[in-house]
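Structural overview
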Amino acid sequence: MAAARRRGAAGVVHPQRRMRFMLFGILIVFSLFAAQLVKLQGLDAASVSAAAIDRRLHEVSIPASRGVIYDANGVALAESVERRNITADPTAVITYTKRIDGERVEVGYEGAAQDIAEVTGADPAVLEKTLRDHHGARWTWLQKDVSPQTWQRVKALQIPGIYAEPFVKRAYPLGASMAPLVGWVGSSGMAANGVELMFEEQLTGTPGSMTYELGGRGERITTGKSSETPAVPGEDVHLTIDSDLQWFTYDQVKAMVEQSGALSGYAVVMDPTTGDLLAAASYPSYDPTDDQQTSAALRNPLFEDVYEPGSTNKVITAGAALEEGIIDLETPMVLPNRLPRGGTRFQDAHDPDNPYATFAGVLATSSNMGTIMYGEKLPDEVLYEYMRDFGMGREANLGFPGQSNGLVPPPDTWSATSKYTMTFGQGLASTMLQQIGVFQTVANDGVYVEPRLVKGADEDGSFVAEPDAKEDRVVSAETANELTSIMEYVPSPEGTAPQAAVEGYRVAGKTSTADRYDPQKGRYSGVTAGFIGFAPADDPELVIAVAIQRPTRGKWGGELAGPVFSEVMRYALTQRGVSPSTSEAPEITLHYDPDAPAPGEDPGVTLGDIAIRDEGTPQQ
Amino acid sequence: MTTWPVRRDEQGRESVAAGLGERLKSPVAPYYLLLGATALLVSIGLVMVLSASSVGSFQTSGNSYKVFTQQLMFAGAGIVLGLVASHIPVRVWKWLAPWGMLVAIGLQALVFTPLGVPFQGNRNWIAIAGMSLQPSEFGKVALVVFGAAVLTKKRKVLGRISHVLVPFVIPGAALLIGLVLAGHDLGTVLILVAITGGMMFGAGVQARYFVVVAALAAAGAAYMAIGSANRMERIQAWIGNICVNPDVQGCFQKVHAEYALADGGWWGLGLGGSREKWGLLPEPHNDFILAIIGEELGLPGTLTVMMLFVVIAYASYRIVVTSKDFFVRIAACGIMVWLVSQAMLNIGSVIGMLPIIGVPLPLVSSGGSALVAALLGMGILLSLARSLPGAKASLGSRPSLLRRTLAVVPAPRLRRR
């Protein structure tokens, strides 16, 4: 300081010294700053930068498009389509001005509603009301679910405050005829029942994800890090269903359910050699375009309902008896009016006109008495095994959601009457799919084939076929042919279901009118009127099963299910180009003369003498 | 003249360092150092303002160049003004000093008239003919010139504190600072106080006064800080070690600045590559432009900017040391204190060594008034540099830039004949 005072004013330091002091201070401060910068940008940078990137990174899920469900011919039964919901900002819409005759006029809500309605086909009054109700609000739905093309035309109107939000909707082009089978995916994207649920995993695909750095206003930082895992779209599923046939079948069932005042009805068309389901229609159905569905409506009774097979089971009993050599077609029988077994007196719906019936006659006329009389000769285990082999009570391995296994009680649980009732189809329960299996086996020369609903799926762009269905020989081809020849009598003019006949084709089938167990009432109430058959009988191409549940007008399987069977069979045969039958149905003997001599016996022995007659409960 | 001055040592080898030292001793060295540092800072500033503001500009106006073109316009005006100022003789500045101060105080007072425009809670802008202007920026220039002129007049009596204070501090500086304080622009107040104090310190006023004032100021600051939740929060964010992430109250800007600097790392993400300018770091082209410079240009970028301010400080020091004119010394000191203290407050805020005060980085940050005023300040500093003994002669003996440039063009044949 002393040196600085050498000049001029007392108590004043020379600026040169002060300036040197300040420069020194500045250098110290900037050195500290530089050290801090080295720390921030160099030494600590890695961890801080990682935290910074972590905060900026955002992951967005890329939805995977759901696979398409096709029918056998490649017709889409369910597909995902892009749709738009039109939204509005009423505070902007009200300023809508148009040039009318060269003058600018503010047309507001009314004008906007009219112009939009003209494009979308909506009611302009409804649109205008929506806008007025939300006056002052900044956002409202205006019209939901329009096509992207419609939205483009609405957008072109350039009405202020009209926007759209995209969404993907599951479309079902064939509507109600397919609905219970194909299933339903609502706005939540969750599958509800049907094939949609059955193949949920394959159809859904794997959503991808996109990771990128996000700026403060939610925009993507173009120079930032980004990575993308593309979504894997769901696989397409190809069904065995023929959508034309399905539609026709649905229409026929629907008409019959309405005509007979029934609770419900369903029909299945199957290829007997492959087990492919060509149609599986049920009514009532639901409209898949509705936003919401009830679980009751979504239920598919065709796969879920179990009911007593009734006369259908007689085919199993007959097949078993023929195969085991207990009887042959012309085995004479004497039918009693009452048959006491297991503490019960069994009887037919009406007493037989002619008690002298052959085995063929017993099956053709669906006699319960006759069926018990030859069926009781089968050991319990054997009868049970045949029922299982024909598909009754078999595990439902089709995979259809809610598909029932049915219920065939094993012999050790049988009551005193179980065996007798089972021979003619009571005391056990099965689904329609299991019942059609019996006829498929007969139609396929005695070989049971598991039903198949899916032909294959498109995996990674190439079609992968499902393996052929499992096959199981149940009875010999001869037995099958014998059963067929008897069943050809059923749709004949003299049989129980002449309405089931198809002009020009040989048809074999069986009616069934089973008492229907009502789970709500807890007792038998009403009937299940059914008919199952196949054609052409000489070389079966198609098996069709029809069931009408709890009809209120009419009762018999032949009169209710028969006409549906006939119509669907006629349509399906001609559609598939099956040539009409050239041969006649074989003559079968239904009755016999008890006084005629029995062939192969001693002279004087008549057919009446050797006939199977009620000789009391057989001892095993 | 343009050959590199080389001093040969005994072995006859050239010593570059020695040559550089020789060159720095030249009377024109401060002039060229200032000219170069200013040109570089303004250039870096323009490029970085464009980069940092492009995203925000596009989002608000649809034009990425909106902020940049304005800044370019102001830079053009500022450069013209600065060049003119650099050619104004020192005596004219002396003469202008009181009038400038009066105009500055008058403009600052206009802030409280209907012409004033409030901005972000501060009242320090006025709007004239569609242009908005921050008079306090020009107040800094006026204060420096006024202070230098007054202290020069009072040179003989600077030993007495009453003469030091009147009329420089009271009423001059006090009035201006009071008006700015009334507009709640704390950052500018700090700069104006620094200029006032720095000039008095540079003029040689006894150190004990500064010790007393510094003690009083520290006590006052502590009292004010404890009395205000907002200020305590800022201090907590500064030295409380609480800023673990940007969501902590009061840490958003500080942590995002750290993120930007860390993203840049040693060598930067490259020009235009900043992530934090995407609406994350507030004021990326303004108070926090250094963070974006660090993010895009890395440590070389930030250190270069700091180095250029050191160059300005060194050049100013050379003016003070070389000049014989007391006015020139005090004015150079004042302008240096202004620019360097403002740069320190800004950089310190950005790198977390100071609480966030909110002053722009001189010559670099976006902002028209600040840039024009800073360029005017640099113009005055250049004018002071030109007045150094020997400088005028050196500069005057040089052919003009235009003539030197044209000298490389072949002469027309006409002349040879």
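Residues numbered from 1 in each chain as written. Chains lettered and ligands numbered in written order. Predicted model: local features only at pLDDT ≥ 70, side-chain atom pairs only at ≥ 80, totals over all residues. Heavy atoms only, no water.

What about the overall build of chain A?
Helices and strands together make up the secondary structure of chain A, namely 21 helices and 25 strands. Counting every position in chain A, which comprises 620 residues, the buried fraction comes to 53%. Surface accessibility of chain A: about 27,900 Å² in total, with carbon and sulfur atoms responsible for 49%. (Helix = DSSP H or I, 4+ residues; strand = E, 2+ residues; numbered from the N terminus. Buried < 20%, exposed > 50% of the residue type's maximum accessible area, 1.4 Å probe, protein only. Areas by Shrake-Rupley, 256 points an atom, 1.4 Å probe, with all protein chains shown as cover.)

Some words on the overall build of chain B
The helix and strand inventory of chain B stands at 17 helices and five strands. Counting the 417 residues in chain B, one finds 48% classified as buried. Of the contacts formed within chain B by residues at least 6 apart in sequence, a portion of 68% connects residues at least 24 apart. With an accessible surface of roughly 19,400 Å², chain B has 68% of that area assigned to carbon and sulfur atoms. (Contact = heavy atoms within 4.5 Å.)

Some points on the nonpolar core
Formed by 118 residues in total, the largest nonpolar core has its most connected members in Phe30 of chain A together with Leu384 of chain B. In contact with phenylalanine 30 of chain A, other than residues within four places in its own chain, are Met306, Phe309, Val310, Val340, Met344 and Ile347 of chain B. The next biggest cluster of nonpolar side chains, apart from the first, holds 92 residues, and it includes Val195, Phe346, Met369 and Leu453 of chain A. (Core = buried A, V, L, I, M, F, W, Y, C linked by side-chain atoms within 4.5 Å.)

What to know about unusual backbone geometry
Here tyrosine 283 of chain A and proline 284 of chain A are connected by a cis peptide whose omega angle stands at 5°. Looking at the secondary structure, you find proline 284 of chain A in the loop between β14 (277–283) and α11 (295–298). Of note, the amide linkage connecting valine 166 of chain B to proline 167 of chain B takes the cis form, showing an omega dihedral of 0°. By the element assignment, proline 167 of chain B lies in the loop between α6 (161–165) and α7 (168–182). Of note in this structure, glutamine 158 of chain A is not a glycine but carries a positive phi near 55°. Its identity is not glycine, yet leucine 363 of chain B carries a phi of approximately 70°, on the positive side. When you line up the elements, leucine 363 of chain B lands in the loop between α13 (326–350) and α14 (368–386).

Observations concerning a negative patch on the surface
Taken together, the side chains of Glu381, Glu385, Asp389 and Asp412 of chain A present a region of like negative charge at the surface. Among the secondary structure elements, aspartate 389 of chain A is positioned in helix α16 (residues 380–389). (Patch = residues over 30% accessible without salt bridge, like charges linked within 9 Å, V, L, I, M, F, W, Y side chains within 5 Å. Salt bridge = Lys/Arg side-chain N within 4 Å of Asp/Glu carboxyl O. Lys, Arg positive; Asp, Glu negative; His and termini not counted. Charge placed at Lys NZ, Arg CZ, Asp CG, Glu CD.)

Observations regarding the sheet that holds strand β11 (residues 226–229) of chain A
All names here are of chain A. Sheet architecture is open: three strands sit in the order β1-β10-β11, paired in antiparallel fashion. The open sheet terminates on both sides in strands that have one partner only, identified here as β1 (57–62) and β11. Each neighbouring strand pair of the sheet contributes to a mean axis angle of 15°, computed without reference to strand direction. The sheet contact formed by β1 and strand β10 (residues 208–213) spans six bridges and is antiparallel. Among the inter-strand pairings, glutamate 59 is bridged to a residue of β10, identified as threonine 211. Helix α2 (residues 45–56) rests against β1 and β10 of the sheet, and its axis sits at about 35° to β1. (Pairing = 2+ DSSP bridges. Axes fitted to C-alpha atoms, helices over the stretch in contact; angles between N-to-C directions.)

Quick look at the sheet that holds strand β5 (residues 131–133) of chain B
Residue and element names in this part refer to chain B. Pairing is antiparallel in the open sheet, where three strands are placed in the order β3-β4-β5. Two strands lie at the open edges of the sheet, namely β3 (116–119) and β5, each paired on one side alone. Sheet twist, expressed as the average angle between the axes of neighbouring strands with direction ignored, equals 40°. Sheet analysis places β3 next to strand β4 (residues 122–128), joined by three bridges and oriented antiparallel. Paired with phenylalanine 119 across the strands is asparagine 122, a residue of β4.

Considerations on the interface of chain B and chain A
Facing 60 residues of chain B, the contacting portion of chain A comprises 49 residues. When the area that chain B buries against chain A is broken down by residue, the three leading residues are Phe201, Arg275 and Trp278 of chain B, summing to 14%. In this structure, the connection of chain B to chain A is made through four salt bridges. Put simply, aspartate 247 of chain B and arginine 55 of chain A hold a salt bridge, and the shortest N to O gap is 2.9 Å. At the boundary of chain B with chain A, the tally comes to 16 residue pairs in polar contact (both at pLDDT 80 or more). The leading source of residues in the side of chain B that touches chain A is helix α12 (residues 289–322) of chain B, at 14 residues. Here the side of chain B that touches chain A is composed, by residue class, of 34 nonpolar, 18 polar and eight charged. (Buried area = accessible area lost by both parts, 1.4 Å probe. Polar contact = N/O pair within 3.5 Å; in protein donor to acceptor, adjacent residues only side chain to side chain. Nonpolar A, V, L, I, M, F, W, Y, C, P; charged D, E, K, R; others polar.)

Remarks on the packing of aromatic side chains
Throughout the structure, instances matching the rule amount to 16 aromatic pairs over all chains. With a centroid separation of 5.0 Å and 65° between ring planes, the pair formed by tryptophan 139 of chain A and tryptophan 141 of chain A is classed as edge-to-face. For tryptophan 141 of chain A, a relative accessible area of 33% gives the class partly exposed. One aromatic cluster in this structure is built from Phe21 of chain A together with Phe201 and Phe210 of chain B. Lying across the ring of phenylalanine 201 of chain B, arginine 18 of chain A places its NZ or CZ 4.1 Å from the centre. Just above the ring of tryptophan 141 of chain A sits the side chain of lysine 144 of chain A; from NZ or CZ to the centre is 4.6 Å. (Phe/Tyr/Trp six-rings, centres within 6.5 Å; stacked < 30°, edge-to-face > 60°. Lys NZ or Arg CZ within 6 Å of the ring centre and 35° of its normal.)

Here we look at the environment of leucine 131 of chain A
All names here are of chain A. Summarising the element assignment, leucine 131 is placed in helix α5 (residues 124–133). By relative accessible area, which is 0% here, leucine 131 ends up buried. Through-space distance from the C-alpha of leucine 131 to that of tryptophan 141 is 9.1 Å; in sequence the pair is 10 residues apart. Leaving out residues up to four positions away in the same chain, leucine 131 has contacts with Ala88, Pro90, Val93, Tyr109 and Leu142.

Observations concerning the pattern of salt bridges
Residue and element names in this part refer to chain A. Tallying each qualifying case throughout the model produces 27 salt bridges over all chains. The partner of arginine 56 in a salt bridge is glutamate 213, with the nearest N and O atoms 2.6 Å apart. Of this pair, arginine 56 sits in helix α2 while glutamate 213 sits in strand β10, and the two are 157 residues apart along the sequence. Exposure class is identical for arginine 56 and glutamate 213. Each is buried. Across the pair arginine 83 and aspartate 145 runs a salt bridge, and its minimum N-O distance is 2.6 Å.

Any functional reading would require information beyond the geometric quantities listed.
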